[in-house]
Amino acid sequence: GHSGHQPGSAGSPGSPGSLGAVDVAALTGTRPDPSAVVHHFTLTAQPATIPLSSGQQVSAWTFNGTIPGPELRVTQGDLVEVTLHNELPDAGVTVHWHGVDVPNAMDGVAGVTQDAVPPGGTFVYRFVAAQAGTYWYHSHQQSSEQVRRGLYGAFIVTPRDQPQPDAGTVQPVDDAILRHRWGSEEGVTTLGLDAGLQARQVDPGRPVRLRLINAETDPATFTLTGTTVRVAAIDGTDIHQPADLPGTRILLGGGSRADLIFTMPTTPVVLRAGTVGIVYSPDGRADTHTVAVPAQFDPATYGTLTATTVPTGGAPDRHYTLRIDERLRFYDGRFVVGYTLNDALYPDTPVLQVTAGDLVDLTIINRSGLDHPMHLHGHHALVLQRDGRPTTGSPWWVDTLNVAPGQTYRIRFRADNPGIWMEHCHNLEHAADGMTLHLAYT
Ligand code: C2O
Ligand code: CU
């Protein structure tokens, strides 16, 4: 059972109860543990005036009045039930569970898996949080505008088998940190936008997990210095036997996540993301240190190879290739650079057709001059190769893969979640401009 579990989520009502009369199997296609805890959350999309640290007041769209929206935190195996209310004056809204392989009907894609919830409307999302990890949620109706205006938050699933800390044992620090921006003002969660370096007091010896979430359109580099650190997970999936690193510099494309773990030393640990960051410090002061810039983290060679549920050898049942190119287009009276997928823009982009059970390979070639974080809904894919070379580290699973200029990746996934899904660039302006396609089960 899950007694003693706390539905920790700032500002959002959580009410674990028994499974009761909810017909979960019918709703989600999965059957949870009958003793599963049910978490009910309410997300209300509403306008709010948000003060920036520059003194400027901006009118934002929020979930429950804050940016980011409330952190939703559950335990693996729990049933998650989220009621979305739309109190925006004149826009439809949905909630997409980014990186969570939910059943198709719960994926929150307006126009594909559901209609956008109109002003005054309500929709209830129900799914089992099957995989522990770091995820986030955001509106998927006109997302390039709605995410920029503030409709997003962290979604955290803690492992089921994690021992509940007893009174007297050291509680781990477990912080979800979203990097976000309003105009030119940058921020990391809980610290407000444009907040510079802020301090967080942590006693030496405490285990710390930092769940980094890049909620921006542009790639973000997070740098951690002042301690030995491990990258424990990428895109919600554990790294097998992560090695100790003397600090790290990790690039996350828009939508990607990474978990860092360390034991708090007696001296400050500094996490930076551009001009903002957090100092984890024994005395609660925002003192920093001067150290060499750590080496760039490379998931292709990190951790230890081990067997996976998806075979890395042999031929797939299907193999699709996506070519990203840069094109000058005449738009609104001038030439602008646009990005195409196989020379097309949505809805003329190819459809990736699969049959349930297929092993599917996707080769993604970026011939443009910009990063494109390609996001696959409903599935996690194993990275097989980068630039023709097989990955040699821990199995590296992604739901959002940043493909840098000139790079070619080959990824592989099992078609095990039927429906019509999105695959798109998570630079949401690019997606809106046509870097979007469908994965469809036939
Ligand atoms: Cu984070 Cu299709 O979305
Ligand atoms: Cu893009």
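For every chain, the first residue of the written sequence is number 1, and numbering continues from 1 along that sequence. Key to labels: chains lettered from A, ligands numbered from 1, both in the order written. A pLDDT threshold of at least 70 governs which residues receive local features in this predicted model, and a stricter bar of 80 or more applies before side-chain atom pairs are shown or counted, although totals over entire chains, interfaces and linings include all residues.

The name given to the protein chain in an unreviewed UniProt entry is Copper-containing nitrite reductase, with Dactylosporangium cerinum as the source organism. What UniProt states about the protein chain under its Sequence similarities (unreviewed entry) heading is, verbatim, "Belongs to the multicopper oxidase family." Per UniProt, the protein chain carries the Subunit (unreviewed entry) text "Homotrimer." UniProt positions are given in the numbering used here, feature names are shortened, and annotations may be inferred rather than shown by experiment.

**Q** What should I look at first to understand the nonpolar core in this one?
**A** For soluble globular proteins, nonpolar side chains are generally found buried alongside one another. Core analysis: the biggest nonpolar cluster contains 105 residues, and Trp136, Phe155 and Ile411 have the highest contact counts within it. Looking at which element gives the most residues to this core, the answer is strand 8 (residues 152-158), with 5 residues. Residue pairs are scored as contacts if the distance between their C-beta atoms, which are placed from the backbone, is within 7 Å. Setting aside residues no more than four positions away along its own chain, Phe155 makes contact with Leu72, Trp97, Val100, Tyr135, Trp136 and Tyr137. Note on definitions: a nonpolar core is a set of buried residues drawn from Ala, Val, Leu, Ile, Met, Phe, Trp, Tyr and Cys, linked by C-beta atoms within 7 Å. To sort residues by exposure, count the other C-beta atoms lying within 10 Å of each residue's C-beta; 20 or more gives buried, 12 or fewer gives exposed, and values between give partly exposed, all with C-beta atoms placed from the backbone. The secondary structure listing takes helices from DSSP runs of H or I that are at least 4 residues long and strands from runs of E that are at least 2 residues long, numbered from the N terminus.

**Q** Could you clarify how one ought to interpret the sheet that holds strand 13 (residues 220-225) in this entry?
**A** Strand pairing within a sheet occurs via backbone hydrogen bonds; the two strands may be parallel or antiparallel. Should DSSP find at least two bridges between two strands, the strands are taken to pair. Ordered by their spatial adjacency, 5 strands build an open sheet running 11-19-18-13-16, and the pairing between neighbours is mixed. In this open sheet, the two edge strands, each paired with only one partner strand, are strand 11 (197-201) and strand 16 (248-252). On average, each strand axis in the sheet is tilted by 15° relative to the strand beside it, whichever way the strands run. Fitting a line to C-alpha atoms yields each axis, with helices limited to the stretch in contact; the angle taken between N-to-C directions then spans 0 to 180 degrees.

**Q** What should I look at first to understand the UniProt feature "domain: Plastocyanin-like" (unreviewed entry) in the protein chain in this one?
**A** UniProt records the feature "domain: Plastocyanin-like" (unreviewed entry) at residues 47-161 and 342-439, using the numbering of this structure. Each end of residues 47-161 is marked by a C-alpha atom, and these two atoms are 39 Å apart; helix forms 5% of the span and strand 41%. Taken end to end, residues 342-439 is 6% helix and 49% strand, and its two terminal C-alpha atoms sit 15 Å from one another.

**Q** How should I be thinking about the environment of Ala129 in this particular structure?
**A** Position of Ala129 among the secondary structure elements: in the loop between strand 6 (122-128) and strand 7 (133-138). Exposure remark for Ala129: the 28 C-beta atoms within 10 Å place this residue in the buried category. Sequence separation between Ala129 and Val157 is 28 residues; the distance between their C-alpha atoms is 6.8 Å. Residues within four places of Ala129 in sequence aside, it is in contact with Val74, Gln76, Gly77, Asp78, Val80 and Val157.

**Q** Explanation requested: the domain arrangement of the protein chain in the structure shown.
**A** Note on interface size: it is often stated as the accessible area lost on association of the parts. Its domain assignment divides the protein chain into domain 1 (24-158), domain 2 (173-281) and domain 3 (318-441). The C-alpha centroid of domain 3 is placed 27 Å from the C-alpha centroid of domain 2. Contacts between the two partners involve 13 residues from domain 2 and, on the opposite side, 16 residues from domain 3. Across the side of domain 2 that touches domain 3, the residue classes break down as 4 nonpolar, 8 polar and 1 charged. Each domain's extent was defined by an automatic or database domain assignment. Residue type decides the class: Asp, Glu, Lys and Arg count as charged, Ala, Val, Leu, Ile, Met, Phe, Trp, Tyr, Cys and Pro as nonpolar, and the leftover types, Gly among them, as polar.

**Q** When you look at the sheet that holds strand 30 (residues 420-425) in this model, what are you seeing that I'm missing?
**A** With mixed pairing, the 5 strands of this open sheet are ordered in space as 22-31-30-24-28. Taken across any chain shown, the strands that pair with only one partner, and hence form the sheet edges, are strand 22 (351-354) and strand 28 (400-403). The mean angle between the axes of side-by-side strands here comes to 20°, regardless of whether they run parallel or antiparallel. Pairing of strand 22 with strand 31 (residues 436-441) involves 4 bridges; the strand directions are parallel.

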